[in-house]
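Overview (structure and organization)
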Amino acid sequence: MTTSENLFARAQELIPGGVNSPVRAFRAVGGAPIFMQSAEGAWLTDVDGNKYVDFINSWGPMILGHAPAVVLDAVREALPHSLSYGAPTRREVELAELLIEMVPSVEKVRLVNSGTEATMSAIRVARGYTGRDKILKFEGCYHGHGDSFLIAAGSGALTLGAPDSPGVTEGVAKDTLTVPYNDIPAVKAAIAANPEQIATIIIEPVVGNMGLVVPAPGFLAELRALCTEHGIVLLFDEVMTGFRLAPGGAQQLFGVTPDLTTLGKIIGGGLPVGAYGGRADIMNQVAPAGKVYQAGTLSGNPLATAAGLAQLRYLHEHPEVYEQLEATTARLADGTRQIAQELGLNYTVNRVGSMFSLFFTAEPVNNLEDAKKADLPAFGRYFHAMLSRGIYLAPSQFEALFISTSITDELVEKYLGACRESLAEAHGLSL
Ligand SMILES: *Cc1c(COP(=O)(O)O)cnc(C)c1O
């Protein structure tokens, strides 16, 4: 038995499913999860001493690779000054200044401890601001585990959602409308069927959570126009895309300005930080400035703000990072597409900036229904074939890969070599 297998056996006795976040359990690909010991740059080392090139990077936060000196030094400097005060600190002000400077739509911002907290709080503010109850989300977009977001689509655009998880009440579900991604007519129909009842449209401006799905040309701008016309708060959930697709996130890349934005992942440099922010008149609804209540004992934590501030400052001062990430990820994604083609698999590869997905289907993937056409057993075989070659991918077809600045040309070649062998192996093809 490996140390990983041993730890997982113990964990399953103690922790539901043996993990503290479901996707880590490898259920979508089979087999047992790998327990990690340490990481540096592009490389993860597991508890048995095996090494892997990391293409998840903690689901996005480690954009500079693991243990970057600039972030570690900042945390080391903060460490001796105690770990929490429950009182305001200088770095919270500096982080807020930097966020407002970097993210185009953000005029005021509140720090929280996770992406989930950010989205839950942001929809409360949108409801408080508009005096409306309903929210509209897109099928397959993930906004954390708040009750309002765990709602499956009804049978048509106009039907009410149903709870996607036991423990979410019908009452919550009836206030969440869901429509397919990239479908403006469905959005218009939902608005028409719920006049002056929709507080906010929440969206991943580029989707990472059904695999990487790209907004159709004009889609985000049309949403902006519809929200303005109908007094709906447009909420970009940039927990994944913020500081990744551009210094100012997807809103900067696509030139569409939301009313509210949620942030997480990269903002904490690997420590737990989230944030929500946007138009000053909306954010002034938040207590103690306004009546919408939201609070947090550890919000603005000194270590977390040290890590986040150091990573964001680095990104802010080194915009060339985004050109490097773009070039590296283009080589990975284009190479993957070409290898699949050479093997007679016309699989779809979607990419924006340093995020991409290989979908195990030859059809274009523009929404959840498209993504579900993927050959999941083949993906599972591919995942394990890559893992055995030292390539650590997201253990699900419905996730994106996140590239860090630590991926060198040499590692791109290593990945592409493993990709060719693994795709062949997963489909029983000989090279
Ligand atoms: C990860 C993610 C969240 C949830 O963030 P947590 O920190 O895991 O709570 C919300 N929205 C999007 C788009 C995400 O990718």
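Residues numbered from 1 in each chain as written. Predicted model: local features only at pLDDT ≥ 70, side-chain atom pairs only at ≥ 80, totals over all residues. Heavy atoms only, no water.

In the nomenclature of an unreviewed UniProt entry, the protein chain is known as Glutamate-1-semialdehyde 2,1-aminomutase of Hymenobacter setariae. Per UniProt, the protein chain carries the Subunit (unreviewed entry) text "Homodimer." Note on the protein chain: under the UniProt heading Cofactor (unreviewed entry), the record states "pyridoxal 5'-phosphate". (UniProt positions renumbered as here; feature names shortened; annotations may be inferred.)

Another aspect to go through is the sheet that holds strand β15 (residues 391–392). Read from one edge to the other, the open sheet built from four strands follows the order β1-β2-β3-β15, with strand pairing classed as mixed. Of all the strands in the sheet, the pair left with one neighbour each is β1 (36–40) and β15. Bridge count for β1 against strand β2 (residues 43–46) is four bridges, and the pairing is antiparallel. Pairing of S38 across the sheet is with T45, part of β2. (Pairing = 2+ DSSP bridges. Helix = DSSP H or I, 4+ residues; strand = E, 2+ residues; numbered from the N terminus.)

With that settled, consider the packing of helix α3 (residues 90–102) against helix α10 (residues 302–317). Look at α3 against α10: their axes get within 10 Å of each other, and the N-to-C directions meet at 35 degrees. Viewed along their axes, α3 and α10 form a crossing whose handedness is left-handed. Note on element contacts: α10 touches α3 through P302, T305, A306, L309, L312, R313 and H316, opposite R91, E92, E94, L95, L98, L99, E101 and M102. (Axes fitted to C-alpha atoms, helices over the stretch in contact; angles between N-to-C directions. Left-handed = near helix turned anticlockwise from the far one by under 90°. Contact = heavy atoms within 4.5 Å.)

This next bit is on the domain arrangement of the protein chain. By the assigned domains, the protein chain splits into domain 1 (3–67 + 319–426) and domain 2 (69–317). In this structure, domain 1 and domain 2 have C-alpha centres spaced 25 Å apart. Between domain 1 and domain 2, the residue contacts involve 31 residues of the former and 32 residues of the latter. Between domain 1 and domain 2 lies a buried interface of about 2,500 Å² when both sides are counted; carbon and sulfur atoms form 67% of it. It is Y322, V352 and M355 in domain 1 that bury the most area against domain 2; as a group they hold 25% of the surface buried on that side. The tally of links from domain 1 across to domain 2 stands at zero salt bridges. (Domains from an automatic or database assignment. Buried area = accessible area lost by both parts, 1.4 Å probe. Salt bridge = Lys/Arg side-chain N within 4 Å of Asp/Glu carboxyl O.)

What follows is about the environment of I56. Structurally, the position occupied by I56 is in the loop between β3 (51–54) and α2 (69–78). On the basis of relative accessibility, which here comes to 3%, the residue I56 falls in the buried class. When residues no more than four places from it in sequence are discounted, the contact partners of I56 are Y392, L393, A394, P395 and F402. (Buried < 20%, exposed > 50% of the residue type's maximum accessible area, 1.4 Å probe, protein only.)

With that settled, consider the site of the ligand. Near the ligand, the surroundings consist of S114, G115, T116, Y142, H143, G144, E204, N209, D237, V239, M240 and K265. In the model, an oxygen atom of the ligand is placed 2.6 Å from a nitrogen or oxygen of the T116 side chain. For the ligand, whose unbound accessible area comes to 380 Å², protein coverage reaches 82%. Per-class residue counts for the shell around the ligand are three nonpolar, six polar and three charged. (Near = heavy atom within 4 Å. Polar contact = N/O pair within 3.5 Å; in protein donor to acceptor, adjacent residues only side chain to side chain. Areas by Shrake-Rupley, 256 points an atom, 1.4 Å probe, with all protein chains shown as cover. Nonpolar A, V, L, I, M, F, W, Y, C, P; charged D, E, K, R; others polar.)

It is worth spelling out the pairing of strand β14 (residues 355–359) at this point. With respect to burial, β14 is a largely interior element, five of its five residues being buried. Of the two faces of β14, both are covered, the one formed by M355, S357 and F359 as well as the one formed by F356 and L358. Two elements, β14 and strand β16 (residues 401–402), share two bridges in a ladder whose sense is antiparallel. Residue pairing in the sheet places F356 in a bridge with L401 of β16.

Attention now moves to the layout of surface pockets. For the second largest pocket, the calculated volume is near 570 Å³. E92, V109, R110, L111 and S299 are the residues nearest the centre of the second largest pocket, which is lined by 28 residues in total. Sorting the residues of the lining of the second largest pocket by element identifies α3 and β4 (108–112) as the ones contributing at least two each. The greatest single-element share of the lining of the second largest pocket, amounting to four residues, is contributed by β4. Looking at side-chain class alone, the lining of the second largest pocket contains 15 nonpolar, 10 polar and three charged residues. (1 Å grid on protein atoms, 1.4 Å probe; cavity = no way out; pocket = protein on both sides within 12 Å on 5 of 7 lines; lining within 4 Å. Points joined across faces, edges and corners; volume = space filled by probe spheres on them.)

Let's shift gears to unusual backbone geometry. Between A287 and the following residue, P288, the backbone shows a cis peptide bond with an omega angle of 10 degrees. Mapping P288 onto the fold places it in the loop between α9 (280–283) and α10. Although it is not a glycine, S58 adopts a positive phi angle of roughly 60 degrees. With respect to the helices and strands, S58 occurs in the loop between β3 and α2. Of note in the backbone geometry, K265 takes a positive phi value of approximately 45 degrees without being a glycine. Within the secondary structure, K265 sits in the loop between β11 (260–263) and β12 (274–278). We classify K265 as partly exposed; its relative accessible area is 26%.

This part is about empty space enclosed by the protein. Within this structure, the stated rule accounts for three cavities of 30 Å³ or more. Looking at the largest cavity, its volume works out to about 130 Å³. Taken together, 13 residues form the lining of the largest cavity, with S357, L358, F379, E399 and L401 sitting closest to its centre. Elements with a contribution of two residues or more to the lining of the largest cavity: β14 and α13 (376–388). Residue classes in the lining of the largest cavity are distributed as nine nonpolar, three polar and one charged. By volume, the second largest cavity is sized at about 40 Å³. Every residue lining the second largest cavity is listed: L111, V112, N113, P272, V273, L298, S299, G300, N301, A304 and T305. If you list the elements that add at least two residues to the lining of the second largest cavity, you get β4 and α10.

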